[in-house]
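Results of the structural survey
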Amino acid sequence: MKHSLKKFLPHLIIFILFIIASLAYFSPVLQGKTIFQSDIAQYQGMAKQLKDYRAETGNETYWTDAAFGGMPTYQLGAKYPHNYIKDLDLAIRFLPRPADYLFLYFIGLYILLLVLKVDYKLAFLGALAFGFSTYLIIILGVGHNAKAHAIAYMPLVLSGILLTFRGKFLYGFLLTTVAMGLELVSNHYQMTYYLLFLVICIGVAYLVDAFKKKMLPHYFKALGVMVLGVLIAVGLNATNILATKEYADTSTRGNSELTINSDGSPKDNVDGLDFDYITEYSYGKLETLNLFIPNFMGGGSGDPLPQDGATKEALLKMGASPQEASQILNQLPTYWGDQPIVAAPAYIGAVVIFLAVLALFLVKGRLKWWVTAAFILSLFLSWGKNLSFLTEFFIDYVPLYSKFRAVSSIQVIMELILPILAVVGLHQFFSGFERDEEKKKALLYSAGITGGVALVFILFKSTLLDFSNSFYDANIRESLSLPVLDAVREDRAAMLTSDAIRSLIFVLLAGATLWFFLKGKLKEIGVISVLAVLIVIDLVGVDRRYVNNDDFVQARVMEQPFQKNGADLQILKDDSNYRVYDATTNAFNSGRASYYHNALGGYHAAKPGRMQDLNEFYISRGNIGMLNMLNVKYIITQGENGGAVAQRNPYANGNAWFVDNVILADNANDELLLLDSLDTKKTAIIPKKFKNELPVEKISRDSSATIDLVKHEPQHLMYETATKSPQLAVFSEIYYPHGWNVYLDGEPTDYYRANYALRAMTIPEGLHKIEFKFEPKVIQTGSTVSLVSTLIFVLLLIGGIYFSFKQNKTEIDNT
């Protein structure tokens, strides 16, 4: 018992140290503050109606009227029955946000390195290197929580896979299933998709090794165990996966029925996203050196120029006052890379890069090859349009690749594998497997390569680089002057020099530390301690440039990120049912209006596809007819005094109306294009496939017919109608083909699509009650699968533990 406790104690201490480190970096959370995350502020707007409904009724709504005219809440924080894996995830993330994600970074890589049979002290060092990697901190700063969540569970998934390949089938199955279940809980399928690329690299490396060693039966047995674990993990998340898939097919990430763009040109890719959209955020080839020198490309887009640099001097010479010069400096871009916006460089760390290069000379076998393969693949794919032939190949031939944008984010694979390689290399350096002479050579080569790169740019930067960006710099030259532009480039060069010297110093300090070890001047624990301090100083020093205590606010600011303005107060006096369009901003990229109103716009990475089409073709171009059709009663505009004002739209069509005429459309293109200049109050565009649903071939409008909305909840709409003859009613509700059912006097009936994005149905003569109810079968189906998968996992786990215990007892009895 004492031996077991002594063995467990170091891990407990490190567990506590991870908690301390997480809370120390995000220390304002201890004062009840929360980090201001721009994306989460937008999410709060989108999810407000869902949360309010939950608080008021105690029930869940799977539809919201607050965004894009209406959409499912599957991606807005909906809760599902029997989602027990989510409960486990919440239990693990017990620290206040965002310290919880930093803790997950640490503990995940620590476990993975232990699985790789690395000493716990080195595992601790590697966990710090991974957790404090600048990109992983930055995404917490801007609110990419789902991305951070998915990245944090990646090491645990790899741990289960590696355990299984090593023949630890029970533990491997257990860890693979739980870790993959948690990975899917994060609901960031792009990160999980990139993890699959890394897993494939590992699988190929182990397959080649198994073939060489004639151990293919063992390999395929391990593969079978992992496949079973992944299938159960998918089952544990069935509701979320099925619901997400169902919605994604109708979103901007799904297949579009349109074959044209808003400018009339043919669509390049109807099965997924457009090439330009996918590759908008492509990492520059030279920009890759940001991994080693943080300010190589000028840092982030929002970084200010130095207050004592050449640019300020040039501005003062132009006649600007010191105060004016300082203001201009804060507006001029230091970043001169290829991407539209960069929050910060994806800095992995000079010490980590140096140790990873050292490992390439010392580490042999499978790990070296799968790490190298994954590094090259993720690097090349991160270049996107800057290596277009490879990106186009993946878009055209690799399943699902065209569904994701921001290709530069695949660099998370490098953020993960380089600390692993660095620590395994250190483990090899400390071991007796290599002669000291080989270690000295490796040390000199790695210091020469990494230090040499830094030195080259310190000495020859002006020869190798021009520090210019055609887009940014044209604006500087036009709005200021050529001398100011030259000064800006001079300051960018100075920033590179400063950080290159910084990286060179860290490389030399790390190299000297290892040299002292070889000379017997330092013990292993001393080396690990020094390297841990260097890594933390190196990474945290850059992290704090972008995410620090200044980013924290009182919790109430994030709980209510949008304050009511005059327009909101004016609109909220109207208790009827209508929509609001915010013309003061990019309405289709803002969640502000959704926080208080049923908004036509919203903020989401996967917008409803048909609403986005309406926006691109008409709404963004000022077509008021689309706002009328979508029952936009109020338009928020900028007032003369600068404040927001609400303009009432007297021409809004209302909640539902009867039409006089029908135009049958042959295809989606016609449906959309025929809306141009159409009087949607009188005429409806109906796809030909619904022709048989129409009341009569030629409609005879009953001028006395009425249709009134008498009950409105997100998931339940009730109308009362009175007509003397069958009529065609159009509803200003978004057509969504999955889950919405309509009832005529309590009996199920049919409805169909009208005006490309709305609902329509035939109303028989007489007095009737029409009800639309959102009853998605996917929730019931997914919940049942989740429950069954949980039971299967528990039964397999109990059976595995029983047989393992029985096998161990038999072995003990036979000794």
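In what follows, the structure referred to is the one given above.
Basis of the calculations
Throughout, residues of each chain are indexed from 1 in the direction in which the sequence is written. At least 70 in pLDDT is required for a residue's local features to be given in this predicted model, at least 80 for side-chain atom pairs to be given and counted, and no such filter applies to totals for whole chains, interfaces and linings, which use all residues. Water and hydrogen atoms were dropped before computing side-chain values, which therefore reflect all heavy atoms in the structure. At least two DSSP bridges between two strands are needed for those strands to be called paired. Each helix is a run of H or I in the DSSP string that is no shorter than four residues. Each strand is a run of E no shorter than two, and both are numbered from the N terminus. With axes taken as lines fitted to C-alpha atoms, and helix axes fitted only over the stretch in contact, angles between N-to-C directions fall between 0 and 180 degrees. The buried label goes to any residue with under 20% of its type's maximum accessible area, the exposed label to any with over 50%, and the partly exposed label to all in between, with areas taken from a 1.4 Å probe on protein chains only. Contact definition: two residues touch when any of their heavy atoms are within 4.5 Å. We define a salt bridge as a contact between a side-chain nitrogen of Lys or Arg and a carboxyl oxygen of Asp or Glu at a distance within 4 Å. For Phe, Tyr and Trp, rings pair up if their centres lie within 6.5 Å, where Trp contributes its six-membered ring, and each pair is then called stacked (planes under 30 degrees apart), edge-to-face (over 60) or tilted (otherwise). Note on geometry: a ring has a charge over it if NZ (lysine) or CZ (arginine) is within 6 Å of the ring centre and within 35 degrees of the ring normal. Polar contacts here mean pairs of N or O atoms no more than 3.5 Å apart (in protein, one a potential hydrogen donor and the other a potential acceptor; neighbouring residues in sequence count only if both atoms are side-chain atoms). Take the far helix as your reference; a near helix turned counterclockwise from it by less than a right angle gives a left-handed crossing, and one turned clockwise gives a right-handed crossing. Gly is put with the polar residues, along with every residue not named as nonpolar or charged; the nonpolar set is Ala, Val, Leu, Ile, Met, Phe, Trp, Tyr, Cys and Pro, and the charged set is Asp, Glu, Lys and Arg. In this text, buried Ala, Val, Leu, Ile, Met, Phe, Trp, Tyr and Cys residues form a nonpolar core when linked through side-chain atoms within 4.5 Å. None of His or the chain ends enter the tally, which takes Lys and Arg as positive and Asp and Glu as negative. The span one expects for a helix is its residue count, reduced by one, times 1.5 Å. Should an angle lie under 35 degrees it is considered roughly parallel, over 145 roughly antiparallel, and from 65 to 115 roughly perpendicular; all remaining angles are considered oblique. Take the seven residues that end at a residue and the seven that start at it, fit an axis to each, and the angle between those axes is the bend at that residue.

1. Quick look at the sheet that holds strand β15 (residues 747–749)
Here 5 strands make up an open sheet; going across it, the order is β11-β12-β18-β14-β15 and the pairing antiparallel. Edge positions in the sheet fall to β11 (706–713) and β15, since each of these pairs with one other strand and no more. Between one strand axis and the next, the sheet turns by 30 degrees as a mean value, whatever way the strands run. The sheet contact formed by β11 and strand β12 (residues 716–723) spans 7 bridges and is antiparallel. Its bridge partner lying in β12, histidine 712 is registered against leucine 717.

2. Here we look at the sheet that holds strand β17 (residues 758–763)
Strand order across the open sheet formed by 4 strands is β8-β13-β17-β16, with antiparallel pairing between neighbours. At either margin of the open sheet sits one strand with a lone partner, and together these are β8 (656–658) and β16 (752–754). For this sheet the average axis-to-axis angle between neighbouring strands, irrespective of direction, equals 35 degrees. Pairing analysis gives 3 bridges linking β16 to β17, with the strands arranged antiparallel. Paired with tyrosine 752 across the bridge in β17 is alanine 760.

3. Topic: the environment of alanine 179
With respect to the helices and strands, alanine 179 occurs in helix α8 (residues 169–185). On the accessibility criterion, alanine 179 (0% relative accessible area) is buried. Separated by 273 residues in sequence, alanine 179 and glycine 452 place their C-alpha atoms 40 Å apart. With residues near it in sequence (within four places) discarded, alanine 179 still touches Leu156 and Val157.

4. A closer look at the pattern of salt bridges
The tally for this structure, following the rule as stated, stands at 21 salt bridges. Note that aspartate 209 is salt-bridged to arginine 366, the shortest N-O span being 2.9 Å. Here the residue aspartate 209 occupies a position in helix α9 (residues 189–212), and arginine 366 occupies one in helix α16 (residues 366–382), the gap between them amounting to 157 residues. For aspartate 209, a relative accessible area of 17% puts it in the buried group.

5. Describing the packing of aromatic side chains
Scanning the model with the defined rule gives 49 aromatic pairs in all. Aromatic side chains tyrosine 194 and phenylalanine 197 sit 6.4 Å apart centroid to centroid with 40 degrees between the ring planes, which places their arrangement in the tilted category. Here phenylalanine 197 and tyrosine 194 lie together in helix α9, a separation of 3 residues that amounts to about one turn. The two residues tyrosine 194 and phenylalanine 197 agree in class, both being buried. Both rings, one in phenylalanine 430 and one in phenylalanine 517, keep their centres 5.0 Å apart while their planes meet at 75 degrees; by these two values the pair is edge-to-face. On the criterion of sequence distance, the pair formed by phenylalanine 430 in helix α18 (residues 412–430) and phenylalanine 517 in helix α21 (residues 482–518) is long-range, its members being 87 residues apart. Put simply, the rings of Phe18, Tyr25, Phe26, Phe106, Tyr110, Phe124, Phe132 and Phe552 touch in pairs and so form one group of aromatic residues. The residue whose ring lies beneath arginine 544 is tyrosine 25, and the NZ or CZ to ring-centre distance is 4.9 Å.

6. Overview of the environment of serine 282
Considering the arrangement of structural elements, one finds serine 282 in the loop between α12 (275–278) and α13 (310–317). In this structure the C-alpha to C-alpha distance between serine 282 and glycine 337, which are 55 residues apart in sequence, comes to 10.0 Å. In terms of polar contacts, serine 282 uses its side chain to reach the backbone carbonyl oxygen of threonine 279, at 2.6 Å.

7. Notes on the packing of helix α7 (residues 145–165) against helix α10 (residues 216–236)
Put simply, α7 and α10 touch, their axes get as near as 9 Å, and they point 145 degrees apart. For α7 against α10, the interelement crossing comes out right-handed. Between α7 and α10, the residues in contact are Ile161, Thr164 and Phe165 and His218, Tyr219, Ala222, Val225 and Met226, respectively. Classifying every residue of the contact of α7 with α10 by side-chain character gives 6 nonpolar, 2 polar and no charged.

8. Digging into the pairing of strand β7 (residues 644–648)
Here 5 bridges tie strand β6 (residues 632–638) to β7, and the two strands are oriented antiparallel to one another. Residue pairing for β7: tyrosine 634 is matched across the bridge by arginine 648.

9. Details of the nonpolar core
Core analysis: the biggest nonpolar cluster contains 164 residues, and Phe26, Tyr105, Leu198, Trp370, Leu514 and Leu531 have the highest contact counts within it. Element by element, the count of residues in this core is highest for α18, at 14 residues. Excluding its chain neighbours within four sequence positions, the residues that come into contact with tryptophan 370 are Leu198, Cys201, Ile202, Ala205, Tyr206 and Ile417. In terms of nonpolar packing, the next biggest core, distinct from the first, is built from 72 residues, Leu600, Met611, Tyr618 and Leu675 among them.

10. Here we look at the side chain of lysine 439
Relative to the helices and strands, lysine 439 resides in helix α19 (residues 436–464). For the buried lysine 439, no salt bridge is present, and the opposite-charge side chain at shortest range is aspartate 436, 4.1 Å distant. Sequence-distant contacts of lysine 439, that is, excluding residues within four places in its chain, are made with Leu362, Gln428, Phe429, Phe430, Ser431, Glu434 and Leu518.

11. Concerning the pairing of β6
Consecutive side chains of a regular strand alternate in pointing toward one face of the sheet and then the other. Where burial is concerned, most of β6 is hidden: 6 out of the 7 residues are buried. Counting the residues that bridge the hairpin from β6 to β7 gives 5 residues, and of these glycine 642 lies at a positive phi of roughly 95 degrees.

12. Let's talk about unusual backbone geometry
Put simply, arginine 97 and proline 98 share a cis peptide bond, and its omega is 5 degrees. Mapped onto the fold, proline 98 is located in the loop between α3 (84–92) and α4 (99–115). The backbone phi angle of asparagine 187 is positive, close to 65 degrees, even though this residue is not glycine.

13. Some words on α16
Taking 1.5 Å per residue, 17 residues should reach 24 Å; α16 reaches 24 Å between its end C-alpha atoms and fits that length. Every buried residue of α16 is listed here: Leu367, Lys368, Trp370, Val371, Ala374, Ser378, Leu379, Leu381 and Ser382. Residues of α16 that are buried sit in contact with α9, α15 (350–362), α17 (388–397) and α18.

14. Here's the deal with the packing of α21 against helix α22 (residues 524–546)
Look at α21 against α22: their axes get within 9 Å of each other, and the N-to-C directions meet at 170 degrees. One way to sum up the angle between α21 and α22 is to call them roughly antiparallel. Listed contacts from α22 to Asp499, Arg502, Phe506, Leu509, Ala510, Thr513, Leu514 and Phe517 of α21 are Glu524, Val527, Val530, Leu531, Leu534, Ile537, Asp538, Gly541, Val542 and Arg545. Here the contact of α21 with α22 is composed, by residue class, of 11 nonpolar, 2 polar and 5 charged.

15. Some words on helix α2 (residues 38–57)
In this model, α2 (20 residues) spans 29 Å end to end at C-alpha, consistent with the 28 Å of a helix rising 1.5 Å per residue. In α2, a bend of some 55 degrees at alanine 47 exceeds every other bend along the element. Where α2 is concerned, the buried positions are Ile40, Ala41, Gln42, Gln44, Gly45, Met46, Ala47, Gln49, Leu50 and Tyr53. In this structure, the buried side of α2 is in contact with β2 (63–64), β3 (71–72), α7, α23 (555–559), α25 (592–596) and β11.

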